[in-house]
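Geometric and topological summary
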Amino acid sequence: MIIGMSNITNLADSPQYQKETLKLIEKSFQYSSPFKFDVDFAPLFNEKNFKNCHILLENDEVIGHIGCLQKDIELLSIHKVNMFGGIVVRDEYRGQGKFNLLFSHVLNLYSEACLSFLWSEKLALYERFHFYPCVNLIHYLKSEKPLSSNWTETKLASLTSVDLKQVQELYGASDEIRISRSEKDWEQLALITSARLFIKKQNDKIENYFFIDKGQDLTEIIHEYGFINDHELSEMINIGNVWTPYISEKNFSCRELFGSVAKIESANAFKTFLAEFAGAEFISQTDQEITIKIDDEEFTLKVKDFLPGLFGPGKFTEFETPDLFISGLDSI
């Protein structure tokens, strides 16, 4: 796609720009040795996903990148969601409409999903594209107690087939709504070698697990686990800070965060998702407002208020919804 002096392509069609793109991303995110973006975010930035790594060229130089991973959330049916990451524009081209050009193009390519997610603190910027902060997340602070001896450190790629199957079953058995993972997805996640895996076994069976760290991205953060309760949480915070939607009744030191910024995409796709996730009926939507029906009563809300009401923080009492939890391994 050529617009004026700018050209939008992707790394599958233009693989010669791979190293230049990675260098731009790592410079923008202030990566320093020994950390590597293509390790921390291996499922996003690898050859199998290069068709979804979109770059903006100017005078045959890479000046911007936006990557996308398309994933599924399984409820009664399968719901496609977009996850955007590696979002950068070279410093000297900012303020010239280049980001708007690239992001608008990319959003249009993935507009059939029900939802899009990205991770950024630039809330004012992404609100222009109708992304709003939501998804309940509690940050439990690390304690200084020694780690329980029941936990053993390993790597996802080092697990036996039996142990890997047990970890996969724990992931899938959670009461939380999580991103669906195929065998290929697990193979991609094993490439994130900067993430440390801890497992807890009894009689050769893995009872629980958690991931901590993801290189420069999630240092000392436990960002995925098999299951969580007060006992498991009390053990996990002995080794790191814990991110979870789980609300403990004990007096652990914590603070509330939002887990993502999100955007409603296709009205038809979101209508089905809303019915299955929250038991609500989608009526209509504009850029700024959404109208839904719950128990035969219609409500019109600002989208920026509706999304946290649906996913937290501060869920509406009318919604008896499960927690949506996007692991740090999946988030990009």
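Here the residue index of a chain counts from 1 through its sequence in written order. Where totals are concerned, whole chains, interfaces and linings use all residues; where local detail is concerned, this predicted model gives features only for residues with pLDDT of at least 70, and gives and counts side-chain atom pairs only at 80 or more. Here the side-chain values reflect all heavy atoms present in the structure, with hydrogen atoms and water set aside.

1. Focus: the pairing of strand β16 (residues 297-302)
Criterion used throughout: strands pair if DSSP finds at least two bridges between them. For helices the rule is a DSSP run of H or I covering at least 4 residues; for strands it is a run of E covering at least 2, with both sets numbered from the N terminus onward. With six bridges joining them, strand β15 (residues 289-294) and β16 adopt antiparallel strand pairing. If you follow isoleucine 292 over to β16, its bridge partner there is phenylalanine 299. Linking β15 to β16, which pair antiparallel, is a turn of two residues; within it aspartate 295 sits at a positive phi near 50°.

2. As for the packing of aromatic side chains
When the centres of two rings from Phe, Tyr and Trp lie within 6.5 Å, Trp using its six-membered ring, the rings pair. Their planes under 30 degrees apart give stacked, over 60 give edge-to-face, and anything left gives tilted. Evaluated as defined, the whole model comprises 28 aromatic pairs. Each ring, one from phenylalanine 277 and one from phenylalanine 311, has its centre 5.4 Å from the other, and the planes form 50°; the classification is tilted. Of this pair, phenylalanine 277 sits in helix α8 (residues 267-278) while phenylalanine 311 sits in helix α9 (residues 303-311), placing them 34 residues apart in sequence. Taken as a pair, phenylalanine 277 and phenylalanine 311 share a single burial class, namely buried. Here the aromatic residues Phe270, Phe273, Phe277, Phe282, Phe306, Phe311, Phe316 and Phe319 are joined through ring pairs into a cluster of three or more. By the criterion adopted, a ring carries a charge over it if an Arg CZ or a Lys NZ lies within 6 Å of its centre and within 35 degrees of its normal. The positively charged end of arginine 181 is found above the aromatic ring belonging to tyrosine 171, 3.8 Å away from the centroid. Here the guanidinium or amino end of arginine 181 rests over the ring plane of tryptophan 186, the centre of that ring lying 4.7 Å away. Any residue under 20% of the maximum accessible area for its type is buried, any over 50% is exposed, and the rest in between are partly exposed; the area is computed with a 1.4 Å probe on protein chains only.

3. Looking at the nonpolar core
The nonpolar side chains of soluble globular proteins are, as a tendency, buried together. Nonpolar core, defined: a set of buried Ala, Val, Leu, Ile, Met, Phe, Trp, Tyr and Cys residues in which side-chain atoms within 4.5 Å join the residues together. In this structure, Phe270, Phe306 and Phe311 are the most contacted members of the largest nonpolar core, which totals 67 residues. Not counting chain neighbours up to four residues away, the residues in contact with phenylalanine 270 comprise Cys114, Leu115, Ile264, Phe282, Ile290, Phe306 and Leu310. If you look at the next biggest cluster of nonpolar residues, it comprises 20 residues, including Ile63, Phe84, Phe129 and Phe131. Whether two residues touch is decided by their heavy atoms; if any such pair falls within 4.5 Å, the residues are in contact.

4. Things to note about the pattern of salt bridges
Every case where a carboxyl oxygen of Asp or Glu lies within 4 Å of a side-chain nitrogen of Lys or Arg is listed as a salt bridge. Summed over all chains, the structure comprises 19 salt bridges. Between aspartate 185 and lysine 71 there is a salt bridge, and its shortest N-O distance comes to 2.8 Å. With aspartate 185 in helix α6 (residues 183-189) and lysine 71 in strand β4 (residues 61-74), this pair connects stretches of sequence that are 114 residues apart. Between glutamate 232 and lysine 200 there is a salt bridge, and its shortest N-O distance comes to 2.9 Å. Taken together, the positions of glutamate 232 in helix α7 (residues 230-236) and lysine 200 in strand β9 (residues 196-202) put the pair 32 residues apart, joining distant regions of the chain. The buried category is assigned to glutamate 232, whose relative accessible area is 5%. Connected through salt bridges with shared partners, the residues Glu61, Arg90 and Glu92 form a single ionic network.

5. Comments concerning a negative patch on the surface
For patches, a residue must show more than 30% relative accessible area and have no salt bridge; joins then use 9 Å for like charges and 5 Å for nonpolar side chains, namely Val, Leu, Ile, Met, Phe, Trp and Tyr. Per-residue accessibility takes into account occlusion by the displayed protein chains alone, with areas from the Shrake-Rupley method and a 1.4 Å probe. For the purpose of charge, His is not counted, nor are the chain termini; Lys and Arg are scored as positive and Asp and Glu as negative. Charge positions come from single atoms, namely NZ of Lys, CZ of Arg, CG of Asp or CD of Glu. Where like charges cluster on the molecular surface, the negative patch consists of Glu281, Asp295, Asp296, Glu297, Glu298 and Glu318. Note on placement: glutamate 281 falls in strand β14 (residues 281-285).

6. Concerning the sheet that holds β16
Overall, antiparallel pairing links the three strands, which are arranged β14-β15-β16 in an open sheet. Looking at which strands have only one partner, the edges of the open sheet turn out to be β14 and β16. Strand-to-strand twist of the sheet, defined as the mean angle between neighbouring strand axes without regard to direction, takes the value 25°. Lines are fitted to the C-alpha atoms to define the axes, a helix being fitted only along its stretch in contact, and any angle between axes, read from their N-to-C directions, falls within 0 to 180 degrees. Lying on the sheet, α9 is in contact with β14, β15 and β16; it crosses β16 at an angle near 115°.

7. A word on the environment of methionine 236
Its place among the elements puts methionine 236 in helix α7. Taking C-alpha positions, methionine 236 is 12 Å from glycine 226, a pair spaced ten residues apart along the chain. For methionine 236, the residues in contact, after removing those within four places along its chain, are Asn208, Phe210, Ile222, Tyr225, Phe227 and Val242.

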